[in-house]
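Working through the structure, step by step
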Amino acid sequence: MAAAAVRIEKEGFFGVDLNFGCSVAAICKKGCGAALLKTPELSSKIVKAVRASVSIPVFVKFRTGWSNDPLFAVDMARRFEGAGADALTFHPRVAPDRRTRPPQWDMIRLVQEAVSIPVFGNGNLFEEKDGIQMIRQTSCQGLSIGRMAVARPWLFSQWTNHFLPGNDIYYKTALKFSHILPEHFNEPFSVRLFKKYAPYFCANFKFGHQLLKKTCFR
Ligand SMILES: Cc1cc2nc3c(=O)[nH]c(=O)nc-3n(C[C@H](O)[C@H](O)[C@H](O)COP(=O)(O)O)c2cc1C
């Protein structure tokens, strides 16, 4: 992980974001993502090693853990801070939960109060008003957006800069995405990525599943 972080710094990125949050089975099976929360000592060691190897900011994304215990999340937050993380992103859901139950935003407040580094709250931010509500409810220092960032990538400008999207924004964005991908990746991989993200994009529409069938040549 430290070697990877060094490469990230060399490539000129702003920071390193360490993933202790992904609960996808294929990732956890390899002991990565949220599986690392089962070994708090190892998790802190990773953050420490990465911290020592780069001078750019080190961020940690994590979730509640494997049982619905706020004390565990608070303990992990303190460990990450102690290991040298510059900021935390916290997703208040237990790992087997995926997205079946709503995230417990009140837990973000507990994590935020436990550390002195900034905490980004994450989970179920769909509209600008959700972001305002999360900040009010948790006093978190920042917001982290997952699905909506893929479905509506213009929302950052919309929420912070009064950007008003027109009706053609969906069409324009999908088209732009299809043009940008092959600028960075070979054709088969670009198609794979387009297929991966198209479901999020189509979910903007009530009958998105029908649209997905048409757009994604499945
Ligand atoms: C396309 C996509 C990829 C994601 N990859 C990761 C990941 O690698 N690690 C992680 O901790 N969470 C990952 N997530 C989960 C999000 O970071 C976030 O925790 C989750 O989607 C809840 O936020 P939301 O309600 O805003 O979507 C991913 C989500 C999406 C939509």
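Residues numbered from 1 in each chain as written. Predicted model: local features only at pLDDT ≥ 70, side-chain atom pairs only at ≥ 80, totals over all residues.

1. Considerations on the pairing of strand E2 (residues 58-65)
- Across the 8 residues of E2, 8 count as buried, placing the element largely inside the fold.
- Judged from the 5 bridges that link them, strand E1 (residues 16-20) and E2 form a sheet pairing that is parallel. Within E2, the residue paired with Asn19 across the bridge is Lys61.
- Here 6 bridges tie E2 to strand E3 (residues 87-94), and the two strands are oriented parallel to one another. Paired with Arg63 across the bridge in E3 is His91.
- Between the parallel pair E2 and E3, the chain is carried across by helix H4 (residues 70-82), and the sense of this crossover is right-handed. (Buried ≥ 20, exposed ≤ 12 C-beta atoms within 10 Å, placed from the backbone. Helix = DSSP H or I, 4+ residues; strand = E, 2+ residues; numbered from the N terminus. Pairing = 2+ DSSP bridges. Right-handed = clockwise from strand over helix to strand, strands pointing away.)

2. What to know about the packing of helix H10 (residues 187-202) against helix H11 (residues 208-215)
- Viewed as axis vectors pointing N to C, H10 and H11 meet at an angle of 150°, and their least axial separation amounts to 9 Å. In terms of their interaxial angle, H10 and H11 are classed as roughly antiparallel. The chirality of how H10 crosses H11 is right-handed. Across the interface between the two elements, Ala198, Pro199 and Cys202 from H10 touch Gly208, Leu211, Leu212 and Thr215 from H11. (Axes fitted to C-alpha atoms, helices over the stretch in contact; angles between N-to-C directions. Parallel < 35°, antiparallel > 145°, perpendicular 65-115°, else oblique. Left-handed = near helix turned anticlockwise from the far one by under 90°. Contact = placed C-beta atoms within 7 Å.)

3. Digging into the site of the ligand
- Neighbouring residues of the ligand: 14 residues in total, closest Gly21, Cys22, His91, Gly146 and Arg147.
- A breakdown of the residues in the shell around the ligand according to their chemical character gives 5 nonpolar, 7 polar and 2 charged. (Near = placed C-beta within 6 Å. Nonpolar A, V, L, I, M, F, W, Y, C, P; charged D, E, K, R; others polar.)

4. Let's talk about the pairing of strand E4 (residues 119-122)
- Of the two faces of E4, the one lined by Val119 and Gly121 and the one lined by Phe120 and Asn122 are each fully buried.
- When E3 meets E4, the two strands line up parallel, connected through 3 bridges. Within E4, the position partnered with Phe90 by the bridge is Gly121.
- The parallel pair E4 and strand E5 (residues 142-144), bridged by helix H6 (residues 128-138), forms a crossover whose chirality is right-handed.

5. Examining the packing of helix H3 (residues 40-53) against H4
- Between H3 and H4, the least distance of the axes is 8 Å, while the angle of their chain directions is 30°. Taken as axis vectors, H3 and H4 run roughly parallel relative to one another. H4 is crossed by H3, and the crossing has right-handed handedness. Touching Pro40, Ser43, Ser44 and Val47 of H3 are Met76, Arg79, Phe80 and Gly82, all from H4.
- A class-by-class count of the residues in the contact of H3 with H4 yields 4 nonpolar, 3 polar and 1 charged.

6. A word on the nonpolar core
- Core analysis: the biggest nonpolar cluster contains 34 residues, and Leu18, Val47, Val60, Phe80, Ala85, Leu88 and Val111 have the highest contact counts within it.
- The set of elements that each furnish at least two residues to this core consists of E1, H3, E2, H4, E3, helix H5 (105-114) and E4.
- Setting aside anything within four residues of it in sequence, one finds Leu88 in contact with Val60, Ala77, Phe80, Val111, Val115, Ile117, Val119 and Phe120. (Core = buried A, V, L, I, M, F, W, Y, C linked by C-beta atoms within 7 Å.)

7. As for the sheet that holds E4
- Strands sit in the order E1-E2-E3-E4-E5 across an open sheet of 5 strands; the sheet is parallel. The sheet terminates laterally at E1 and E5, the two strands that pair on one side only. On average, each strand axis in the sheet is tilted by 25° relative to the strand beside it, whichever way the strands run.
- Those strands touched by H4 are E2 and E3, and its axis lies near 165° from that of E2.

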